[in-house]
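One-letter residues, chain by chain:
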Protein chains: 2
Amino acid sequence: MKKTYLFTPGPTMVPPEVSLSEAQPMIHHRTPQFSQIFYELSEDLKYLFQTKTGEVYTLMSSGTGAMEACVANVLSKGDKALVIATGKFGERWAELCKCFGIEAVVVSVEYGKAAEPSKVEEALKKNSGIKVVFATQSETSTGAVHDIKAISAVVKKYGALLVVDAITGIGVHQFLMDEWNIDVAITGSQKGCMLPPGLAFVCVNSGAWGAIEKGDLPRYYWDFRKMRKNLKNKTTPFTPAVSLIMAMKTAIDMIKKEGIEKVWARHARLAHATREGVKAIGLELFAGADSSNVLTAIKAPEGVDVDKIIKKLRDETGITFTGGQDSLKGKMIRIGHMGYVNDFDIILAISALEKGLYEAGYPVQPGKGLSRVQSLLVAGK
Amino acid sequence: MKKTYLFTPGPTMVPPEVSLSEAQPMIHHRTPQFSQIFYELSEDLKYLFQTKTGEVYTLMSSGTGAMEACVANVLSKGDKALVIATGKFGERWAELCKCFGIEAVVVSVEYGKAAEPSKVEEALKKNSGIKVVFATQSETSTGAVHDIKAISAVVKKYGALLVVDAITGIGVHQFLMDEWNIDVAITGSQKGCMLPPGLAFVCVNSGAWGAIEKGDLPRYYWDFRKMRKNLKNKTTPFTPAVSLIMAMKTAIDMIKKEGIEKVWARHARLAHATREGVKAIGLELFAGADSSNVLTAIKAPEGVDVDKIIKKLRDETGITFTGGQDSLKGKMIRIGHMGYVNDFDIILAISALEKGLYEAGYPVQPGKGLSRVQSLLVAGK
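Residues numbered from 1 in each chain as written. Chains lettered and ligands numbered in written order. Predicted model: local features only at pLDDT ≥ 70, side-chain atom pairs only at ≥ 80, totals over all residues.

Draft legend 1. Region of the structure containing the overall build of chain A. Regarding its fold elements, chain A presents 13 helices and 14 strands. Seen through its principal axes, chain A has C-alpha atoms that stretch 60 × 55 × 35 Å. Buried positions account for 57% of the 381 residues belonging to chain A. In chain A, of all internal contacts separated by at least 6 residues, the share reaching a separation of at least 24 is 72%. (Helix = DSSP H or I, 4+ residues; strand = E, 2+ residues; numbered from the N terminus. Buried ≥ 20, exposed ≤ 12 C-beta atoms within 10 Å, placed from the backbone. Contact = placed C-beta atoms within 7 Å.)

Draft legend 2. Quick look at the relation of the copies chain A and chain B. Mapping chain A onto chain B calls for a rotation angle of 180° and an axial translation of 0.0 Å; the resulting RMSD is 0.0 Å. A rotation of that kind, with that shift, is consistent with a two-fold axis. Residue by residue, 98% of the interface of chain A is reproduced at the interface of chain B, so both copies engage with the same surface. (Least-squares fit on C-alpha atoms with pLDDT ≥ 70 in both.)

Draft legend 3. Here's a closer look at the sheet that holds strand β14 (residues 332–336) of chain B. Residue and element names in this part refer to chain B. If you walk across this open sheet you meet the 3 strands as β11-β14-β13, and the pairing is antiparallel. If you trace the sheet from one side to the other, it starts and ends with β11 (295–299) and β13 (322–323), each paired once. Pairing analysis gives 2 bridges linking β13 to β14, with the strands arranged antiparallel. Note on β14: the bridge partner recorded for Thr322 is Arg334. Packing against the sheet, helix α10 (residues 260–281) makes contact with β11 and β14, and its axis sits at approximately 15° to β11. (Pairing = 2+ DSSP bridges. Axes fitted to C-alpha atoms, helices over the stretch in contact; angles between N-to-C directions.)

Draft legend 4. Representation of the environment of Arg92(B) in the model. Mapped onto the fold, Arg92(B) is located in helix α4 (residues 88–99). Sequence-distant contacts of Arg92(B), defined by excluding residues within four places in its chain, comprise Thr64(B) and Met67(B).

Draft legend 5. Summary view of unusual backbone geometry. Between Gly10(A) and Pro11(A) the backbone carries a cis peptide bond, its omega angle lying at -5°. Structurally, the position occupied by Pro11(A) is in the loop between β1 (5–6) and α1 (16–22). Its identity as a non-glycine residue notwithstanding, Met194(B) has a phi of 65°, on the positive side. If you trace the backbone, Met194(B) turns up in the loop between β9 (184–188) and β10 (200–204). A positive phi angle, near 55°, is found at Lys234(B), a position not held by glycine. Counting through the fold element by element, Lys234(B) comes out in the loop between α8 (224–232) and α9 (242–258).

Below is the structure:
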């Protein structure tokens, strides 16, 4: 009786009621029936981003597509950007700028550490004329979370626009689009939104429109101006992913019912328990005190082939963790705990982690991590 | 008891078994489990495009996204293109070229008529140095089908590359990627593929790679080179739409089981019956003898508010036709019959059409169109 449990940094587990919404009979997208669903979803998405002054556009793409859309819309030829490179995904902002011929100053952050706002300020001071700063809220390649509120305060001091990859952050960590003065933020469907991959959401705040209107980089499919114009008519410029949008409406209704503050608190509690369980087993966190609530990145213990453990657990038990990517390959186990995750999921993730290590001959005392997690969770901590 | 029937030019009706495949438990995309499905699908897609020398990439976008990808990959700064503008969608190629700063010669085709290969040849003769020709197989805005085989023969005489929007053509009309010497062709999931919207497929043939490798337009999310490299490892550069890909595997298995030649023949038969039924009612075809098997575009009879008929049918009976787009608004009724459509669907489409016209006061003799369709279909014609 193998069941599949996704403790991956996306796609995440999808609630059965969301999956079944996806299987509803197809409707045409140029109808009042679809427009009503799409309009309600677009309003609900404002709640997800915590914005009243911004608007949220639904893209049919992965998160990377939404990142490209940001670069293509907010920048113009000759502009200068600043990228806070926090890991594989932070670095993607720099690759995208390069691809569009935009000069980008890169502030490199040590893998697993949070970006220091003072370092960002230094770079802004040293490099005048930065128009846009690109940041990442939760860097899933390292497991670190970054203080977007503090980064925004610095960026605003220098009059730049702030674009945030909150792909894994939204619906997990507190994210306050308006209060933190963020200009553009993005998320993806297969993360905290509890949906399969296929949609990305871009929140554009009022302050970003000047740059977007004046933009001269090539954009057609990604054009925010077309999206804004079409949203006024409760529709999209191009055929939208109807089934995923119907499913997303079900998912966001679940988020609204729980309440976004409670969603954040649940993730904080579950992530804390996971980290404590991992430490009780005797393992070390890759991102230490900067660990995100999105996923727990665990340093591979000396001499242990973690990728083999991950593969064996996945193929034999269905419990799916992920390893490190690119230069971090073989160096970590990543346990995702975002979206459709509750206390008992954490119990079984830690149980599987103990089992995997035990079978690999690592000196783990079965139940030690588990007991620590259990003691926290039953106490509601 | 209102049921929804989509006789629209996409999204089309989705078989329940395909919808349920979409609702399967989520799996992670960086696993051998997903890679196996993705590899098999990518092989099956070659059958759909009828190619042995080309490869098919799965994009997470609408058809327009795939069009943008073609422009961004195949062209370079300073290149000249030729666009066969057959309607709203043909014209989109020209808009995309403009967006990327590419000079495009436009061969305009009268709405509802098929492009004449001789006109294309004339333009190629007059404008030397055309690197890429953009064509449309089935122009859903007018209901006309274009002779891609003949157009390709002309294009090849002048040494240009041929890129074909076969978004609604593939899986409906005969399409022979290799035999017709086509360099790049695209389709979308929500058409002949019987899937919800969310995926687009790009078939790149061997002859296109020289231009793609040398290309210097900005491309990141759309980069065919990344897709080719990742396909070798049975994966995608960015997170793919897992649930739609699992559903697509089910859909293409259905197409393979029927056999692509039989799929084309079924569409030809159903489209013929539809056209004959429409004519028996006393209506005229917008595209006359050039009518596509994808959809039947019917000229709005003088003084009849067809959009009102369409709206009433949709809201009261669930039978969904579409009207004309942009400058053709109010001028036509379009009945889509692609993908998951059989004889009885055509019966009820014509029944609904008669009903709609009758209720609008148009002098229709109930059963006349229907009898004509029935007589053809029962005879297997």
